[in-house]
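Below are the chains, spelled out letter by letter.
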Amino acid sequence: MTSFPIHAGSPVSFPGPPPKAADVVVIGGGVVGVTAALFLARRGLRVVLVEKGRIAGEQSSRNWGWIRQQGRDPDELPIMIESRRLWQQLAAETGEDIGLVEAGVTYLATTERKLAAFEAWLPHARAHGLDTRILDAAATAVLIPGASRRFSGALTTPSDMKAEPWCAVPALARLAAREGVSVIESCAARLIDTAAGRVAGVLTEAGRIAAPAVLVAGGAWSSLLLRAHGIAIPQLSVRSTVAATEPLARVHAGAAADDRIAFRLRRDGGFTLAGAGAQDFYLGPDAVRLASKYLPTLRSEPLSVRPRPAAPHHFPDAWGTRRHWQGDEESPFERMRVLDPAPNPGNIARLARNFADLFPRLGPVRLRTCWAGMIDTMPDVVPIIDHCDRLPGLTIGTGLSGHGFGIGPGVGRVLADLIAGGELGHDLTRFRFGRFSDGSRIRPGPAL
Ligand SMILES: Cc1cc2nc3c(=O)[nH]c(=O)nc-3n(C[C@H](O)[C@H](O)[C@H](O)COP(=O)(O)OP(=O)(O)OC[C@H]3O[C@@H](n4cnc5c(N)ncnc54)[C@H](O)[C@@H]3O)c2cc1C
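The shown structure was predicted, so the numbers you read here are calculated from the model rather than taken from an experiment.

Cut-offs used in this document
Residues numbered from 1 in each chain as written. Predicted model: local features only at pLDDT ≥ 70, side-chain atom pairs only at ≥ 80, totals over all residues. Heavy atoms only, no water. Pairing = 2+ DSSP bridges. Helix = DSSP H or I, 4+ residues; strand = E, 2+ residues; numbered from the N terminus. Axes fitted to C-alpha atoms, helices over the stretch in contact; angles between N-to-C directions. Bend = angle between axes of the 7 residues up to and from the residue. Buried < 20%, exposed > 50% of the residue type's maximum accessible area, 1.4 Å probe, protein only. Parallel < 35°, antiparallel > 145°, perpendicular 65-115°, else oblique. Contact = heavy atoms within 4.5 Å. Nonpolar A, V, L, I, M, F, W, Y, C, P; charged D, E, K, R; others polar. Near = heavy atom within 4 Å. Polar contact = N/O pair within 3.5 Å; in protein donor to acceptor, adjacent residues only side chain to side chain. Areas by Shrake-Rupley, 256 points an atom, 1.4 Å probe, with all protein chains shown as cover. Core = buried A, V, L, I, M, F, W, Y, C linked by side-chain atoms within 4.5 Å. 1 Å grid on protein atoms, 1.4 Å probe; cavity = no way out; pocket = protein on both sides within 12 Å on 5 of 7 lines; lining within 4 Å. Points joined across faces, edges and corners; volume = space filled by probe spheres on them.

Peer 1: I'd like to hear about the sheet that holds strand 10 (residues 189-195), residue by residue, with values.
Peer 2: Taken in spatial order, the three strands line up as 10-11-12 in an open sheet, and their pairing is antiparallel. The open sheet terminates on both sides in strands that have one partner only, identified here as strand 10 and strand 12 (207-210). On average, adjacent strands in this sheet sit at an angle of 30 degrees to one another, irrespective of strand direction. Sheet topology note: the strand 11 (residues 198-204)/strand 12 ladder contains four bridges and is antiparallel. Opposite Gly 201, over in strand 12, you have Ala 210 as the bridge partner.

Peer 1: Tell me about helix 12 (residues 404-420), and please be specific about residues and values.
Peer 2: At Gly 410, helix 12 shows its strongest bend, of approximately 35 degrees. Burial analysis of helix 12 places 16 of its 17 residues in the buried class, the great majority of the element. Positive backbone phi, approximately 80 degrees, marks Gly 421, located one or two places after helix 12.

Peer 1: Describe the packing of helix 3 (residues 77-94) against helix 12, naming the residues involved and giving the relevant values.
Peer 2: Where helix 3 contacts helix 12, the two axes come as close as 7 Å, and the packing angle between them is 95 degrees. Relative to helix 12, the element helix 3 lies roughly perpendicular. In this structure, helix 3 uses Ile 79, Met 80, Glu 82, Ser 83, Leu 86, Trp 87 and Leu 90 to contact helix 12, whose residues at the interface are Phe 405, Gly 406, Ile 407, Gly 408, Pro 409, Gly 410, Val 411, Arg 413 and Val 414. A class-by-class count of the residues in the contact of helix 3 with helix 12 yields ten nonpolar, four polar and two charged.

Peer 1: Quick rundown of the site of the ligand? Include the residues and the values.
Peer 2: Taken together, 36 residues form the shell around the ligand, and within it Glu 51, Ser 60, Trp 66, Ala 189 and Gly 406 come nearest. The contact in question runs from a nitrogen atom of the ligand to an N or O atom on the backbone of Lys 52, over 2.9 Å. Residue Phe 405 places a main-chain N or O atom 3.0 Å away from an oxygen atom belonging to the ligand. Summarising the interface, the protein chains cover 98% of the accessible area of the ligand, which totals 1,000 Å² for the free molecule.

Peer 1: Hey, could you go over the nonpolar core for me, with residue numbers and the actual values?
Peer 2: Among the nonpolar cores identified, the biggest contains 57 residues, and Ile 55 and Ile 385 are the most heavily contacted of them. Looking at this core, the elements with two or more residues in it are strand 1 (24-27), helix 1 (31-42), strand 2 (47-50), helix 3, helix 7 (165-178), strand 13 (213-216), strand 14 (236-245) and helix 12. For this core, the leading source of residues is helix 1, giving nine residues. Among residues more than four places away in sequence, those in contact with Ile 385 are Ile 79, Ile 396, Val 411, Val 414, Leu 415, Leu 418, Leu 428 and Phe 431. Counting residues in hydrophobic clusters, the runner-up holds 41 residues, among them Val 48, Ala 189, Ile 233 and Phe 315.

Peer 1: Lay out empty space enclosed by the protein in plain terms, naming residues and giving numbers.
Peer 2: A complete count under the given rule lists two cavities of 30 Å³ or more for this structure. Volume-wise, the largest cavity comes out at about 150 Å³. Residue lining of the largest cavity: 15 residues in total, with Ala 220, Leu 236, Ser 237, Pro 316 and Asp 317 positioned closest to the centre. For the lining of the largest cavity, a count of residues per class yields ten nonpolar, three polar and two charged. Roughly 30 Å³ of internal volume is contained in the second largest cavity. The wall of the second largest cavity is formed by Glu 58, Gln 59, Ala 220, Leu 339, Gly 373 and Met 374. Split into classes, the residues belonging to the lining of the second largest cavity amount to three nonpolar, two polar and one charged.

Nothing here speaks to function; it is all geometry.
This is the structure in structure tokens:
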């Protein structure tokens, strides 16, 4: 099997050193940080983006590549609709083929009950004029021909899209760099520098960058960095395993999932497979401390995670990971340049088997590669997109909860205007920083 394309040994495309000063420092080179940096530069600001490992080395390259409006939290939908438009615009502006195709997303129902749950989401689609619709069993069999299972029906959105994550986000970073963003890889932000109770810059492993504004878009590491400043967010991560097949007959052109397998046709003719088996949930200090906040979500999907006693060394919530350090000493971010978890072997075997079982005419399904990613999440399964009132100058864009690739450019645009004082265009109340501490009830988004 080939190895995953972006890892700690990949060549550095954006070397330092970073500039000594900026208007905004963006911490994290995933889809959120990269697109926020791009839009900040378009607002005329001097932007430095620091990435501890490689651009898109973590979630933003390891995801399934689904760009879906379907099944979203109603408060995310307006941003997602904008994001879909931005993907089209940005893909053209990169001048590169990022595999962006409007091929639809489909959820396959194996029971009438599941179909009814899908149907309950339709009013949100109608409210925003989406082309989402319910298919009956016969129409589902036409959309997914050759399936061995008989589905009760499906929820489908033909205007949903897909792209190739490990090409897309690096292409967006190249676009941002062309538009003036100083992108620096292999450069960990150790701490946020403060003076007189507000942000004064960032202390990186390559020196201090003076700046009045900082955006934390650190994916699964955001909580660790923020806690070093006494700022608590209830973020945890789960390990999710993915596999890529060799090229196969084209059983479906878009992305689809049933209760055993999720599949998406890639540009190279293979399928990206996931979803067979639960995600692994490592118990660590944060997991224990935050368990009660996650109970409502866990109750609604008790079989979706499998607890494990401890994360591997140097993971964000491993027992031995340091929680306190100084700006002039090595931080946990340098100990783990690219969070590259080993895939779960049991899940991999099931993925190939379940896909072959669903489409018997494919014959044996051979895997080209497999990988895993740590999905960062919030208890209510929606992100934080807000200024942090505890530290003026700090903005947080994190906790995209397993569906941030699709909405990433929309979130990046909103964050840029939040920082630059532009028109937000959306109601961000649901995504406020203070919702976990102001006595609000935790209201999980739809688990569709
Ligand atoms: C297996 C899997 C499947 C998924 N499938 C989908 C899908 O199909 N569709 C979808 O919409 N979403 C999907 N997602 C979710 C999506 O990938 C994420 O929500 C999204 O990529 C998050 O982007 P991000 O920029 O917030 O974080 P990341 O992509 O994780 O980027 C954060 C970056 O910050 C860097 N960083 C952290 N701390 C520091 C520091 N102190 N200094 C410097 N750099 C730092 C990290 O190295 C990392 O590169 C999936 C995720 C996974 C793992």
